[in-house]
Amino acid sequence: MDQLVRADSRRPAGLGRFGEYGGRFVPESLVPACEEVERAFAEAWADPVFHAELHHLLSVYVGRPTPLTPAVRLSAELGITLLLKREDLTHTGSHKINNVLGQALLARRMGKRRLIAETGAGQHGVATATAGALLGLDVTVFMGERDIERQELNVFRMKMLGAEVVPVTAGSRTLKDATSEAFRHWVTVVDDSYYCLGSALGPHPYPWMVRQFQRVIGDEARAQCAGRLSAATPDFVVACVGGGSNAAGTFAGFLDTPARLIGVEAAGGAAIGAGRPGVLHGFRSRVLQDEHGQITEAHSISAGLDYPGVGPEHAYLAETGRATYVTADDAEVVAATHRLARSEGILCALESAHAVAWVLRAAQDGTIPQGSTVVLTLSGRGDKDMATLMELS
Amino acid sequence: MLVPYVTAGATGDWTDLLRAAVDAGADAIEVGLPFSDPTMDGPVIQQASYQALCRGTTVAGVFDEVSRLDLGVPLIAFTYANLVLNRGADAFCSALRDAGMSGLLAPDLPIDEAGPVSAAAERHGVDVVLLASPSTPPARRAEIAKRSQGFVYAVSVMAPTGEQASLRSPGRELVMSLKQHTDLPVVLGFGISGAEQAAAACEYADGVAIGSAVMRRVLAGESPAEIGAMLAGIRRAISLGRA
């Protein structure tokens, strides 16, 4: 795995540019902090000692490699070979831990004592609280009041792990407002605190760095496919997209293959499908906004996809046509969650169910031809969403 | 220099605040174009922006209102990159100039990203005011001082906009270092809450920008006349300090 993790992949040009997207649109006060993170990450990524420690933790703490599970009954029903990349089986129950452990190790290497994070569904907050506890770093997590209400269990988990959870009452009281507040707070504590960003977005170097920490998903999946599929690589690689970290990591493993890359956004939060180029939270990408340039709220049954922007690499992959971005609506996501649970015995996160919903639809309407092989990243497990699903049933 | 900040559209009489500021001796005014996600603003300006957006304030509407004023002091738009790029930098700067405004200040457009906007601004005769921060390293301070237009904005504290109980030493050090690289005025902002602090700041800075202290009073319901009286007090303190 070490060799695969270190395999280089397209460092963004200039100041973190993916085509016209990316960049570093931050207040002057934060420019030196971003530069410090960039230097530290570039050095760490080139350091075998850093990789050895990360690899060790991913193996003995996170439980990597995660399996590639054949969805046997669904495959038979759909007439395809569906393989599930099981990030739901990682410690803390989602792919977020891959990135957070990498960034927490980086923070410690930089001499920082504290991690700041923002969270929507709570998975990134739980992962950050976990890494902080493991490495002896203080953790402060900003979370919108509405998300705190929706994700009571994860809030409790974060507190159990010793993190401070700060409710954000501004604006829509969701992830975008928590992110703004985390940025404001970072300005005031930049000397001793590290901003641990949860998705492949934000100012350079975060989109690049988060993708590199998450590419373990795609690299593992590709190696696992090579031993299992006659064609070595699948026909389709599918992942849900909010900010897009699990998709960025998954796609990174397959960019140089003929596999069709499909990102599935929430219908009410489709920054690629319904957004326009814009600047939010330090980066230029596709962003949901009104005609006047004001950022609009995303709506999704899944708090993790409730963000009006998308990582700049996804905007670039969409523009260049290397990846295709589609949507799934709340109703089909709930139906897909139930179908996966009944068919395979897996309760996945509502975020991941977006990818499942698209595969179900695409296999049925022929977009995925019969006999195709499909790798789908299950980014997280669904425990956190049970209250939402109980309300609906 | 006295440079008050007013969030456009936060109240129905916001243009009266501009007139009151001019009557109180403002040398220039920052006109805040409200943005939904202001990452550099503290709670007061956030609330003012939110209130303005709830009242239906738009960039086009603000430009229209400002174009009908004749205040006799430079008006500088204080806003965020997305509102500039939403129209396109050229169209935005052209409209800004047509409205009679002469400057643009966007805290999330650091020098590394400001190039295209600066070029458009230059084509339309708009000054781009750049910010420097206590965390800005020396070489970068020099570049900011050289590339800024109109004045240089020195951020006094490592914090979002907002009032501070006392002035911090980083502001003084920053101002002094910027002045080594420019003949433009260096204006200190972020954290100035009243006359005493403004006078103290103007012992080393060429002026002060005052935002949250103004908008806190506006949000509390103070009239343009009351805001004008507050600014006049600051003006007097600056002038006496300078005498």
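Everything quoted here is computed from the prediction, not taken from an experiment.

(A) Examining the overall build of chain B more closely. Secondary structure summary: chain B contains eleven helices and nine strands in total. Here the C-alpha radius of gyration of chain B, 16 Å, is about what a compact globule of 243 residues would show, namely 18 Å. With respect to the three principal axes, the spread of C-alpha positions in chain B is 40 × 40 × 30 Å. When the 243 residues of chain B are sorted by exposure, 61% land in the buried category. Of the accessible surface of chain B, which amounts to about 8,600 Å², a share of 50% is contributed by carbon and sulfur atoms. Within chain B, one finds 18 positive and 26 negative side-chain charges whose respective centroids are separated by 4 Å.

(B) Summary view of the pattern of salt bridges. All names here are of chain A. A full pass over the atoms with the stated rule returns 34 salt bridges over all chains. The salt bridge involving Arg108 is made with Glu53; its shortest N-O contact spans 2.6 Å. Of this pair, Arg108 sits in helix α5 (residues 96–109) while Glu53 sits in helix α3 (residues 48–62), and the two are 55 residues apart along the sequence. Residue classification places Arg108 among the partly exposed residues on the basis of a relative accessible area of 37%. Overlapping salt bridges, with partners in common, bring together Arg64, Lys85, Glu87 and Glu220 in one network.

(C) View of the interface of chain B and chain A. Taken together, the 34 residues of chain B in the interface contact 34 residues of chain A. Both sides of the chain B and chain A interface together cover about 2,700 Å² of buried area, and 52% of this is carbon and sulfur. Summed over the shared surface of chain B and chain A, the result is three salt bridges. A salt bridge links Lys176 of chain A to Asp37 of chain B; the shortest N-O distance between them is 3.0 Å. Secondary structure elements with two or more residues in the side of chain B that touches chain A: α2 (43–54), α4 (81–87), β6 (131–132) and α7 (138–147) of chain B. Sort the elements by how many residues they give to the side of chain B that touches chain A and α4 of chain B lands first, with five residues. When the residues that make up the side of chain B that touches chain A are grouped by side-chain class, the tally is 19 nonpolar, nine polar and six charged.

(D) Quick peek at the packing of α5 of chain A against helix α6 (residues 123–135) of chain A. Residues and elements named next belong to chain A. Two elements in contact, α5 and α6, have axes separated by 9 Å at closest approach and are oriented at 40 degrees. Between α5 and α6, the interaxial angle falls into the category oblique. The handedness of the crossing between α5 and α6 is right-handed. Contact residues: α5 offers Lys96, Ile97, Asn99, Val100, Leu101, Ala104, Leu105 and Arg108, while α6 offers Gln123, His124, Ala127, Thr128, Thr130, Ala131, Leu134 and Leu135.

(E) Inspection of helix α5 (residues 89–98) of chain B at higher detail. All names here are of chain B. Those residues of α5 that sit buried are Ala89, Phe92, Cys93, Ala95 and Leu96. In an axial view of α5, the angular spread of the buried residues amounts to 165 degrees, which keeps them on one side of the axis. Just downstream of α5 lies Gly100, where phi reads positive at about 95 degrees.

(F) Seen up close, the sheet that holds strand β7 (residues 164–168) of chain A. All names here are of chain A. The sheet built from four strands is open, its strands ordered β7-β6-β5-β8 with parallel pairing. Of all strands in the sheet, those with a lone pairing partner are β7 and β8 (193–195), marking the two edges. Each strand of the sheet is rotated relative to its neighbour by a mean of 25 degrees, with strand direction disregarded. Of the pairings in the sheet, the one linking strand β5 (residues 114–119) to strand β6 (residues 138–144) comprises six bridges and is parallel in character. Across the sheet, residue Ala117 finds its bridge partner in β6, namely Val141. Helix-sheet contacts for α5 involve β5 and β8, and the interaxial angle to β8 is about 150 degrees.

(G) Expanded view of unusual backbone geometry. All names here are of chain A. Going from Arg64 to Pro65, the amide bond is cis rather than trans, its omega being 0 degrees. Mapped onto the elements, Pro65 comes out in the loop between α3 and β3 (68–70). For the peptide bond that leads from His204 to Pro205, omega is 20 degrees, which places it in the cis range. With respect to the secondary-structure elements, Pro205 resides in the loop between β8 and α10 (206–226).

(H) Representation of the pairing of strand β2 (residues 29–32) of chain B in the model. Residues and elements named next belong to chain B. The two faces of β2 match: Ile29 and Val31 on one face and Glu30 and Gly32 on the other face are all buried. Pairing between strand β1 (residues 2–7) and β2: three bridges, direction parallel. For Thr7, the partnering residue across the bridge sits in β2 and is Gly32. Once the chain exits β1 it traverses helix α1 (residues 14–23) before rejoining the sheet at β2, and the crossover so formed is right-handed. Note that β2 and strand β3 (residues 75–78) share four bridges and pair parallel. Opposite Val31, over in β3, you have Ala77 as the bridge partner.

(I) Quick look at the packing of aromatic side chains. Residue and element names in this part refer to chain A. Enumeration according to the criterion identifies 15 aromatic pairs over all chains in this entry. Ring centres 6.5 Å apart and planes at 55 degrees place the aromatic pair Tyr194 and Tyr206 in the tilted group. In this pair, Tyr194 is assigned in strand β8 and Tyr206 in helix α10, connecting sequence segments twelve residues apart. The exposure class of Tyr194 is buried, given its relative accessible area of 1%.

(J) The sheet that holds β3 of chain A, seen in detail. Residue and element names in this part refer to chain A. Read across the open sheet, the six strands follow the order β3-β4-β14-β9-β10-β13; overall the sheet is mixed. Of all the strands in the sheet, the pair left with one neighbour each is β3 and β13 (323–328). Direction aside, neighbouring strands of the sheet carry axes that sit 30 degrees apart on average. For strand β9 (residues 236–241) and strand β14 (residues 373–378), the ladder comprises three bridges, and the chain directions are parallel. Looking across to β14, one finds that Val238 is bridged to Leu376. Against the sheet, α10 contacts β3, β4 (81–86) and β14, and its axis sits at roughly 140 degrees relative to β4.

(K) The layout of surface pockets, seen in detail. The calculated volume of the largest pocket comes to roughly 430 Å³. For the largest pocket, the lining is made up of 24 residues, of which Ala170, Gly171 and Asp177 of chain A together with Ser36 and Tyr50 of chain B are closest to its centre. In terms of residue count, the dominant contributor to the lining of the largest pocket is α2 of chain B (seven residues). For the lining of the largest pocket, the class distribution of residues is eight nonpolar, ten polar and six charged.

(L) Local environment of the confidence of the model for chain A. Residues at a pLDDT of 70 or more form 97% of chain A, whose mean pLDDT is 94. Counting contacts from residues 1–8 of chain A, a segment whose pLDDT is below 50, to residues more than four positions away or on other chains yields 20 contacts.

About the cut-offs
- Residues numbered from 1 in each chain as written.
- Chains lettered and ligands numbered in written order.
- Predicted model: local features only at pLDDT ≥ 70, side-chain atom pairs only at ≥ 80, totals over all residues.
- Heavy atoms only, no water.
- Helix = DSSP H or I, 4+ residues; strand = E, 2+ residues; numbered from the N terminus.
- Rg over C-alpha atoms; globule rule 2.2 N^0.38 Å.
- Buried < 20%, exposed > 50% of the residue type's maximum accessible area, 1.4 Å probe, protein only.
- Areas by Shrake-Rupley, 256 points an atom, 1.4 Å probe, with all protein chains shown as cover.
- Lys, Arg positive; Asp, Glu negative; His and termini not counted.
- Charge placed at Lys NZ, Arg CZ, Asp CG, Glu CD.
- Salt bridge = Lys/Arg side-chain N within 4 Å of Asp/Glu carboxyl O.
- Contact = heavy atoms within 4.5 Å.
- Buried area = accessible area lost by both parts, 1.4 Å probe.
- Nonpolar A, V, L, I, M, F, W, Y, C, P; charged D, E, K, R; others polar.
- Axes fitted to C-alpha atoms, helices over the stretch in contact; angles between N-to-C directions.
- Parallel < 35°, antiparallel > 145°, perpendicular 65-115°, else oblique.
- Left-handed = near helix turned anticlockwise from the far one by under 90°.
- Arc of directions from axis to C-beta.
- Pairing = 2+ DSSP bridges.
- Right-handed = clockwise from strand over helix to strand, strands pointing away.
- Phe/Tyr/Trp six-rings, centres within 6.5 Å; stacked < 30°, edge-to-face > 60°.
- 1 Å grid on protein atoms, 1.4 Å probe; cavity = no way out; pocket = protein on both sides within 12 Å on 5 of 7 lines; lining within 4 Å.
- Points joined across faces, edges and corners; volume = space filled by probe spheres on them.
- pLDDT = per-residue confidence, 0-100.

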